[in-house]
Amino acid sequence: MRRMEFKMERQGLLQVGDQVTITEGVLPSNYYYTIDPALAMSGNFPFRERLLARAGTVAAIEENERGFYVIVEFEETDQ
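This is a predicted model, so every value here is computed, not measured.

Undergrad: Tell me about the overall build of the protein, and please be specific about residues and values.
TA: Of regular secondary structure, the protein possesses zero helices and seven strands. The helix and strand sequence of the protein, counted from the amino end, reads β-β-β-β-β-β-β. With the C-alpha coordinates of the protein rotated into their principal frame, the extents come out at 35 × 25 × 20 Å. Long-range pairs, those at least 24 residues apart, make up 55% of the contacts in the protein between residues at least 6 apart in sequence. Total accessible area computed for the protein in this model is approximately 5,100 Å², and 47% of it derives from carbon and sulfur atoms. Averaged over its 8 positive side-chain charges, the protein has a centre that lies 5 Å from the centre of its 13 negative ones.

Undergrad: How would you explain the environment of Gln15 if you had to name every residue and give the values?
TA: Within the secondary structure, Gln15 is located in the loop between β1 (2–8) and β2 (19–26). We classify Gln15 as partly exposed; its relative accessible area is 45%. Each C-alpha atom, one on Gln15 and one on Arg54, is 18 Å from the other, the two residues being 39 residues apart in sequence. Not counting the four nearest positions on each side in its chain, Gln15 is found in contact with Val58 and Ile61.

Undergrad: Now, about the environment of Leu13: what can you tell me, with residues and values included?
TA: With respect to the secondary-structure elements, Leu13 resides in the loop between β1 and β2. Between the alpha carbons of Leu13 and Asn30 there is a distance of 26 Å; along the sequence they are 17 residues apart. Setting aside anything within four residues of it in sequence, one finds Leu13 in contact with Met8 and Leu39.

Undergrad: Let's hear about the pattern of salt bridges: which residues, and what values?
TA: Scanning all chains against the criterion turns up five salt bridges. Among the ionic pairs, Glu76 bridges to Arg2, the shortest N-O distance being 3.7 Å. Within this pair, whereas Glu76 is found in the segment after β7 (67–74), its partner Arg2 is found in strand β1, the two being separated by 74 residues in sequence. Arg50 is paired through a salt bridge with Glu24; the nearest N and O atoms lie 2.7 Å apart. Here Glu24 lies in strand β2 and Arg50 lies in the loop between β5 (45–46) and β6 (55–64), a separation of 26 residues in the sequence. Residue Arg50 is classed as partly exposed on the basis of its relative accessible area of 38%.

What counts and what doesn't
- Residues numbered from 1 in each chain as written.
- Predicted model: local features only at pLDDT ≥ 70, side-chain atom pairs only at ≥ 80, totals over all residues.
- Heavy atoms only, no water.
- Helix = DSSP H or I, 4+ residues; strand = E, 2+ residues; numbered from the N terminus.
- Contact = heavy atoms within 4.5 Å.
- Areas by Shrake-Rupley, 256 points an atom, 1.4 Å probe, with all protein chains shown as cover.
- Lys, Arg positive; Asp, Glu negative; His and termini not counted.
- Charge placed at Lys NZ, Arg CZ, Asp CG, Glu CD.
- Buried < 20%, exposed > 50% of the residue type's maximum accessible area, 1.4 Å probe, protein only.
- Salt bridge = Lys/Arg side-chain N within 4 Å of Asp/Glu carboxyl O.

Shown next as structure tokens:
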């Protein structure tokens, strides 16, 4: 099980338990991930930390002084 954090700009776009799909973006030295359809975005991950799964479940939604953060759990198997 892998857990990742995504930044969500507005409250209420996702709920705990929602099934989500992920789109992978590529930068020159990193990957980043977006919860479709552009509901939340991850930080950058180096190539060695690439996410293998493309679907997950919202495990938690947290609010702090910087905004809303979605924690998504992924079932990931080594390839």
